[in-house]
Amino acid sequence: MAQLNTIARSGDPILRIIAAEVTNISDDEIQNLIDTLIDTATAVDGVGMAAPQLSHSYRLFVMASRPNSRYPYAPTMEPTAVINPRILSYSKEIVKDWEGCLSVPGIRGKVPRYDRIEVEYCDRNGNLVNQELSGFIARIFQHELDHLDGILFTDRLESDLDRFTEAEYQALISG
Ligand code: ZN
């Protein structure tokens, strides 16, 4: 399992490049990477983690939402591998809500995201999946997909007023 200190941090060039399509989903390299992403996201209270965050520049991320100390109100879902993802359509409605990122420690922000998205991706067995996602899960998908395109959530903040420290965030959500 990767440790917290092996997660690439803001400033590392691997977080700023366009990741490569996965062409060999059944290969051990990719299957092991999926397991490591799920184990690491779970161990460090993440709700998702993208391959570039573990310094593997592939179009692959996991969603593993459940309530934890970093996201007390997260919905629970089965950890899901998302490979070569695309967003097919967006809702008109945009919602601003809290995000953080294990690659940008100590910072939280209120980030505008599409409330509903229709997505397509391959699962870890190579099956094409088409889904409509909404709310927090749609937010995770958009955040993680950004990682595959070299974008961090802090790039999406509309104003410095939407940027908070982790301590400010914890005080706001518990108050
Ligand atoms: Zn992130």
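As a reminder, the structure under discussion sits directly above these lines.
All of these numbers come straight from a predicted model, not from anything done at the bench.

1. Regarding the pairing of strand E7 (residues 128–134)
Then, number 1: Sheet analysis places strand E6 (residues 116–122) next to E7, joined by seven bridges and oriented antiparallel. Residue pairing across strands places Ile117 opposite Leu133, the latter belonging to E7.
Then, number 2: In sequence, E6 turns back onto E7 through a hairpin of five residues, with Gly126 there showing a positive phi of about 90°.

2. Here we look at the nonpolar core
Taken as a class, soluble globular proteins show a tendency for nonpolar side chains to be buried jointly.
Then, number 1: Core analysis: the biggest nonpolar cluster contains 24 residues, and Phe61, Met63, Ile117, Val119, Leu133 and Phe141 have the highest contact counts within it.
Then, number 2: Secondary structure elements with two or more residues in this core: strand E2 (60–63), strand E3 (80–90), E6, E7, helix H2 (135–148) and helix H3 (166–174).
Then, number 3: With six residues, the top contributor of residues to this core is H2.
Then, number 4: Counting residues in each nonpolar core, the second largest holds 20 residues, with Ile34, Ala51, Tyr58 and Ala81 among its members.

3. Regarding the coordination of the zinc ion
Coordination angles at a metal have ideal targets, namely 109.5 degrees for four tetrahedral donors and 90 or 180 degrees for six octahedral donors.
Then, number 1: Note on the zinc ion: its protein donors are Cys101 (SG), His143 (NE2) and His147 (NE2). The metal-donor distances range over 2.0 to 2.3 Å.
Then, number 2: Here the donor residues of the zinc ion share one chain and are spaced in sequence as C-x41-H-x3-H. Separated by four residues within a single helix, His143 and His147 lie in helix H2, roughly one turn from each other.
Then, number 3: Relative accessible area serves as the criterion here: at 7%, His143 is assigned to the buried category.
Then, number 4: Note on His147: relative accessible area 1%, which makes it buried.

Calculation rules
- Residues numbered from 1 in each chain as written.
- Predicted model: local features only at pLDDT ≥ 70, side-chain atom pairs only at ≥ 80, totals over all residues.
- Heavy atoms only, no water.
- Pairing = 2+ DSSP bridges.
- Helix = DSSP H or I, 4+ residues; strand = E, 2+ residues; numbered from the N terminus.
- Core = buried A, V, L, I, M, F, W, Y, C linked by side-chain atoms within 4.5 Å.
- Buried < 20%, exposed > 50% of the residue type's maximum accessible area, 1.4 Å probe, protein only.
- Donors = N, O, S within 2.8 Å, 3.2 Å for Na, K, Ca; no water.

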